[in-house]
Amino acid sequence: MRAVYWKKGSLYILDQTALPLKVRWLRCSKVSEVCHAIKVLAVRGAPAIGVAAAYGMALSKRMKADAKSLKASRSTAVDLEHAVDFVLLEIRGGKSALDAAMIWDNTNTEKCKSISERGASLIKKGSTILTHCNTGFLATNEYGSALGAIKEAAKQGKKIHVIVDETRPRLQGWLTSWELLRAKIPHTMIVDSAAGFLMRTGKIDAVMVGADRIVKNGDFANKIGTCSLAMLAKECGVPFYVLAPMSSFDRKIANGNKIKIEIRDSSEILGKAFKKTKALNLAFDVTPSRYVTGYVNEFGVFRRIESLWKSTKE
Ligand code: MRU
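These notes cover the structure that comes with them. Predicted, not measured: the structure shown is a model, and the values here were computed from it. Along each chain, residues carry numbers from 1 onward, in the same order as the chain's sequence is written. It should be noted that, the model being predicted, local features are given only for residues of pLDDT at least 70 and side-chain atom pairs only at 80 or more, the latter also being counted only at that level, while totals for whole chains, interfaces and linings use all residues. The basis for every side-chain value is the complete set of non-hydrogen atoms in the structure, without hydrogens or water.

For the rest of this paragraph, the subject is the overall build of the protein. Elements are defined by DSSP. Helices are runs of H or I of four residues or more, strands are runs of E of two residues or more, and each kind is numbered from the N terminus. Scanning the protein from terminus to terminus reveals 12 helices and 16 strands. Put simply, the radius of gyration uses C-alpha atoms, and a globule should come to 2.2 Å times the residue count raised to 0.38. Compactness check: the protein gives a C-alpha radius of gyration of 19 Å against a globular reference of 20 Å for 314 residues, within 12% of the reference. For the exposure calls, accessible area comes from a 1.4 Å probe over protein chains only, and a residue counts as buried if that area is under 20% of its type's maximum, exposed if over 50%, partly exposed in between. Going through the 314 residues of the protein one by one, you find that 56% of them count as buried. Note on definitions: a residue-residue contact is assigned when non-hydrogen atoms from the two residues lie within 4.5 Å. In the protein, the proportion of contacts linking residues at least 24 apart, taken out of those at least 6 apart, comes to 72%. In the protein, which carries 50 positive and 29 negative side-chain charges, the distance between the mean positions of the two groups comes to 2 Å. None of His or the chain ends enter the tally, which takes Lys and Arg as positive and Asp and Glu as negative. The atom standing in for a charge is NZ when the residue is Lys, CZ when it is Arg, CG when it is Asp and CD when it is Glu.

Following this line, the structure appears as structure tokens:
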């Protein structure tokens, strides 16, 4: 199953706002519909957003303006910019936008497959892995990043157990549980604030998360709550891995302080119950590189960000 696909001139998006209760597909035939789907999180997760935006460009009749709108539809995940820029570059080189989008999509799939295999090699037999947000095929379009590695390890018969953070306020942990149920992988959902206690009492063998933007010094943005997990993991001696394709890396930003953090509507936290209470709904946080045990991308596993930059071709 894929999160997005192209068929006969339209982009089909598996509406993640309807999951896990309903499998519903959105058909987009205009760029504005793709932008809307990205904004409301019908499609979400950095690599999946990138693929949707690349196909969005194939629907465009005004390339420059549509590239701008697509890029503006969310602010933290860098894949969005990279995918749109890739399509623009390929068009200048003589390709059609659709051909370029298909190349982006297929390459992304290969990268996620490789990350899943490399990440699985870090998972020991019988271990318990904690993960945050959703990083499966829903977030990457195929395979997954952190969840891809977890699924691959289970496929290899490693008999693992997954602790799933529910991931407030948008509950991407429910999407992770939906994927794990489909893959028949044993797992337990916890409230986000339970993670520290489980780590302190030795119940977690490793933490694996994805990333929305990893910058030059190795600091990275990911779903809100990731930074606390990383700090707790360090304190408790639990290895903390970040898994993401090169399309989520951003060499142009020197350090995490310069990453733009998306702030979403207060109603995602407060619902309709409060009229006067203010809420600060930070969609992401930034984790300093010193908390990362290893970065996994399609080229390998890297203990230090400097060695990753040295051995990557992009
Ligand atoms: O707001 P979302 O659901 O698009 O955020 C996605 C994440 O932060 C995920 O945790 C993920 O690590 C990055 S994409 C695989």
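Below, the discussion takes up empty space enclosed by the protein. Think of a 1 Å grid over just the protein atoms. A cavity is a set of points where a 1.4 Å probe fits yet cannot get out, a pocket is an open set with protein on both sides within 12 Å along at least five of seven lines, and lining residues have an atom within 4 Å of a point. Grid points are joined across faces, edges and corners, and a volume is the space filled by probe spheres set on the points. Summed over all chains, the structure comprises 3 cavities of 30 Å³ or more. Of the volumes computed, that of the largest cavity is approximately 200 Å³. Mapped onto the lining of the largest cavity, the elements with two or more residues apiece are helix H2 (46-58), helix H6 (137-140) and strand E9 (220-223). Basically, the charged four are Asp, Glu, Lys and Arg, the nonpolar ten are Ala, Val, Leu, Ile, Met, Phe, Trp, Tyr, Cys and Pro, and anything else, Gly included, counts as polar. Residues belonging to the lining of the largest cavity are distributed by class as follows: 9 nonpolar, 9 polar and 4 charged.

What follows is about the sheet that holds strand E11 (residues 249-250). Sheet strands pair via backbone hydrogen bonds, and the direction of the pair is either parallel or antiparallel. Two strands are said to pair when DSSP picks up at least two bridges between them. Strand order in the open sheet formed by 4 strands is E11-E8-E9-E14, and the pairing between neighbours is mixed. Two strands lie at the open edges of the sheet, namely E11 and strand E14 (284-287), each paired on one side alone.

Another aspect to go through is the side chain of Glu90. Relative to the helices and strands, Glu90 is located in helix H4 (residues 79-92). Classification of Glu90 as buried rests on a relative accessible area of 19%. Leaving out residues up to four positions away in the same chain, Glu90 has contacts with Lys95, Ala100 and Ile103.

Okay, the environment of Leu270 next. Looking at the element boundaries, Leu270 is found in helix H11 (residues 267-270). Beyond its immediate chain neighbours, meaning those up to four positions away, Leu270 contacts Thr277, Lys278 and Ala279.

Here we come to the packing of H2 against helix H3 (residues 63-72). Here an axis means a line fitted to C-alpha atoms, over the contact stretch when the element is a helix, while the angle between two N-to-C directions is reported on a 0 to 180 degree scale. Their axes nearest at 10 Å, the elements H2 and H3 cross at an angle of 160°. Classified by the angle between their axes, H2 and H3 sit roughly antiparallel to one another. The interaxial crossing formed by H2 with H3 has right-handed handedness. Within the contact between the two elements, H2 uses Ala53, Gly56 and Met57 and H3 uses Met63, Asp66, Ala67 and Leu70. Residue composition of the contact of H2 with H3, grouped by class: 5 nonpolar, 1 polar and 1 charged. By definition in this entry, angles of less than 35 degrees are roughly parallel, angles greater than 145 are roughly antiparallel, angles of 65 to 115 are roughly perpendicular, and the rest are oblique. Should the near helix be turned anticlockwise from the far one by less than a right angle, the crossing is termed left-handed; should it be turned clockwise, right-handed.

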